[in-house]
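# Summary of the model geometry
Each chain is listed here by its residues.
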Amino acid sequence: MPKKPSSSCREDSLPVDEPCLPSQRRTERLIFPKPLITVEGIARAPLNPGDFASLHQRTYELRPEWFEGFQLNASKTLAVHRIVRASWNLSHVTPTGFRVGAQLQRRCSDSVLKTPLVAFDVNPGTLSSNVSLLYRPVASVCCEINVQVSPRGGSGTEDLGPVIDKASLQHTGSSTTTTLRCYRPGRDSCRLTLDHLMSYNDRLAIGGELLYEWYRNTSNAQIALAARYNHERHSFAATGSREAFDLSYWRRVNGRLQIGSSLACSHREGKAIGTIYYRLEHPDCTVRGLFDSDWSIGFTYQRKLSQMPIVAGLSLLFCIPKNTFQSGFKIDLDSNLQ
């Protein structure tokens, strides 16, 4: 007797690609993606671009910090925002001697300095000192002043008194930064700069700077334009005026190596210098180096000694055309490294 066909479909009686029911066939066809899909992007608000003077900061942070001779530096944190420092320097390039200093700040809340931040260092022998005051009464306004005090002049008897090295007033917005700076104000000479930097988006920042300076009976005014493109792994910045322009490029190769290059051209001096920088980081040491078109080659090496609050540093710089060589060694004692 012939068998009746089963009410349920069998897997061996139909092709593999053919569903059993029409409803299943329609459902499976709908899950395939369309050939073209429109996806909306994510709009990011512009970030604060920082200061005009920090346009090339990523590249210049790779530069070695040169030192010559022997240095011994010690620092101690007494409390929050209270640090005392002492250093002893023995060199043929920088002034030799012993200096003590401190950084003091009393109250800070939500990026607002309720009281000024004071940092100073003093030479006990000559009483010459450097004093820096930083005050941010509100989150968007910052005031800074640097003062140099030299009680003894060149003959050892003249009292020069305090001299303002730099004073600045800065306004920081959500996507703009405006800064007014004054350098070495005096009766016969002074230099003023007014710069404004604006973020077009989270990557691109553009701005300009107005410079006015005078010395005795001569004065000079210039306008400079600048732009910077930032990315997580690379950055490019350019600054140009009538007399000079600067270009810089920074790139993070991997988690340990960073490289950068800069080109500085001055029409007034008729000179251009190109430099390549690199920075190699390891868990316990850091190497920074450079070589430029003037055939200057050098590097600095810093290493944290294991289980000790000591950082040892070595500096070497060699200039082939000038036939000069500088070397230095320093030891940093920091209680915070324990």
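Provided above is the structure to which this section pertains.
Below is a summary of the structure that appears in this document. (Residues numbered from 1 in each chain as written. Predicted model: local features only at pLDDT ≥ 70, side-chain atom pairs only at ≥ 80, totals over all residues. Heavy atoms only, no water.)

## Some details on unusual backbone geometry
In the Ramachandran plot, Arg216 falls in the positive-phi region, its phi being about 55 degrees despite a non-glycine side chain. Here Arg216 lies in the loop between strand 12 (204-215) and strand 13 (218-230). Among the residues examined, Arg216 registers a relative accessible area of 58% and is labelled exposed. (Helix = DSSP H or I, 4+ residues; strand = E, 2+ residues; numbered from the N terminus. Buried < 20%, exposed > 50% of the residue type's maximum accessible area, 1.4 Å probe, protein only.)

## Details of the pattern of salt bridges
Tallied over the full model, the rule gives 11 salt bridges. Two residues, Asp294 and Lys271, come together in a salt bridge whose shortest N-O distance is 3.5 Å. Note that Asp294 is positioned in the loop between strand 18 (285-292) and strand 19 (296-304) and Lys271 in strand 17 (residues 271-281), a separation of 23 residues in sequence. Residue Glu281 is joined to Arg279 by a salt bridge in which the shortest nitrogen-to-oxygen separation is 2.8 Å. The class of Glu281 is partly exposed, set by a relative accessible area of 24%. A cluster of three or more residues bridged by salt bridges with shared partners is formed by Asp51, Arg181 and Asp195. (Salt bridge = Lys/Arg side-chain N within 4 Å of Asp/Glu carboxyl O.)

## Section: the packing of aromatic side chains
Going through the model one piece at a time under the given rule, you end up with four aromatic pairs. With a centroid separation of 5.8 Å and 45 degrees between ring planes, the pair formed by Tyr212 and Trp214 is classed as tilted. According to the relative accessible area criterion, Tyr212 is partly exposed, its value standing at 38%. Taken together through their ring pairs, the aromatic side chains of Phe70, Trp88 and Phe329 make up a single cluster. The cationic tip of Arg191 hangs over the ring face of Tyr183; the distance from NZ or CZ to the ring centre is 5.6 Å. (Phe/Tyr/Trp six-rings, centres within 6.5 Å; stacked < 30°, edge-to-face > 60°. Lys NZ or Arg CZ within 6 Å of the ring centre and 35° of its normal.)

## Describing a positive patch on the surface
On the surface, Arg82, Arg106, Arg107 and Lys114 cluster together into a patch of positive charge. Following the sequence through the fold, Lys114 ends up in the loop between strand 5 (112-113) and strand 6 (117-122). (Patch = residues over 30% accessible without salt bridge, like charges linked within 9 Å, V, L, I, M, F, W, Y side chains within 5 Å. Areas by Shrake-Rupley, 256 points an atom, 1.4 Å probe, with all protein chains shown as cover. Lys, Arg positive; Asp, Glu negative; His and termini not counted. Charge placed at Lys NZ, Arg CZ, Asp CG, Glu CD.)

## Focus: the pairing of strand 17
Pairing analysis gives 10 bridges linking strand 16 (residues 257-266) to strand 17, with the strands arranged antiparallel. Looking at strand 17, one finds that Ala264 is bridged to Ile273. Once strand 16 ends, the chain turns through four residues before running back antiparallel as strand 17, passing Gly270 with a positive phi of about 65 degrees. Pairing of strand 17 with strand 18, which is carried by seven bridges, proceeds in the antiparallel orientation. Directly across from Tyr278, in strand 18, lies its bridge partner Gly289. Counted along the chain from strand 17 to the antiparallel partner strand 18, the turn is three residues long. (Pairing = 2+ DSSP bridges.)

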